[in-house]
Amino acid sequence: MAKFDGIRGQELLEVEDKSESNEITLIFKDNRFLFIKLENGKMVTTSIPE
């Protein structure tokens, strides 16, 4: 999955759990973020930068 190539092998620095919004944020080295959220029973991910 090319969408996640930028974070593959990167060191995970922190995990933020935002239970009130059903979201988890993974923070990687080099200012890379992966937002994981449940919407209508499906997992939606956003990677910054892509």
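It should be emphasised that the depicted structure is a prediction, and the values quoted were computed from it without experimental measurement.

Draft legend 1. Quick peek at the overall build of the protein chain. A tally of helices and strands in the protein chain yields zero helices and four strands. In terms of overall dimensions, the protein chain has a C-alpha envelope of 30 × 20 × 15 Å along the principal axes. Within the protein chain, residue pairs in contact and separated by at least 24 positions form 12% of the contacts whose partners lie at least 6 positions apart. Carbon and sulfur atoms form 51% of the exposed surface of the protein chain, whose accessible area is close to 3,900 Å².

Draft legend 2. Representation of the sheet that holds strand β4 (residues 42-48) within the structure. An order of β1-β2-β3-β4 is seen for the four strands of this open sheet, with the pairing classed as antiparallel. Each end of this open sheet is capped by a strand with a single partner; those strands are β1 (12-18) and β4. Going across the sheet, the axis of each strand differs from the next one's by a mean of 15°, ignoring polarity.

Draft legend 3. Layout of unusual backbone geometry. Here I48 and P49 are connected by a cis peptide whose omega angle stands at -15°. Looking at where P49 falls in the secondary structure, it is placed in the segment after β4. Phi at N40 takes a positive value of approximately 55°, unusual for a residue other than glycine. Within the element layout of this structure, N40 appears in the loop between β3 (32-39) and β4.

Draft legend 4. Region of interest: the environment of I36. Within the secondary structure layout, I36 lies in strand β3. With a relative accessible area of 23%, I36 lands in the partly exposed category. Each C-alpha atom, one on I36 and one on E23, is 5.6 Å from the other, the two residues being 13 residues apart in sequence. Aside from chain neighbours lying at most four places away, what touches I36 is N22, E23, I24, L26, M43, V44 and T45.

Draft legend 5. Focus on the side chain of E23. Tracing the backbone through its elements, the reader meets E23 in strand β2 (residues 23-28). Setting aside its immediate chain neighbours within four residues, E23 contacts E16, D17, K18, F35, I36 and K37.

So, how was this worked out
Residues numbered from 1 in each chain as written. Predicted model: local features only at pLDDT ≥ 70, side-chain atom pairs only at ≥ 80, totals over all residues. Heavy atoms only, no water. Helix = DSSP H or I, 4+ residues; strand = E, 2+ residues; numbered from the N terminus. Contact = heavy atoms within 4.5 Å. Areas by Shrake-Rupley, 256 points an atom, 1.4 Å probe, with all protein chains shown as cover. Pairing = 2+ DSSP bridges. Axes fitted to C-alpha atoms, helices over the stretch in contact; angles between N-to-C directions. Buried < 20%, exposed > 50% of the residue type's maximum accessible area, 1.4 Å probe, protein only.

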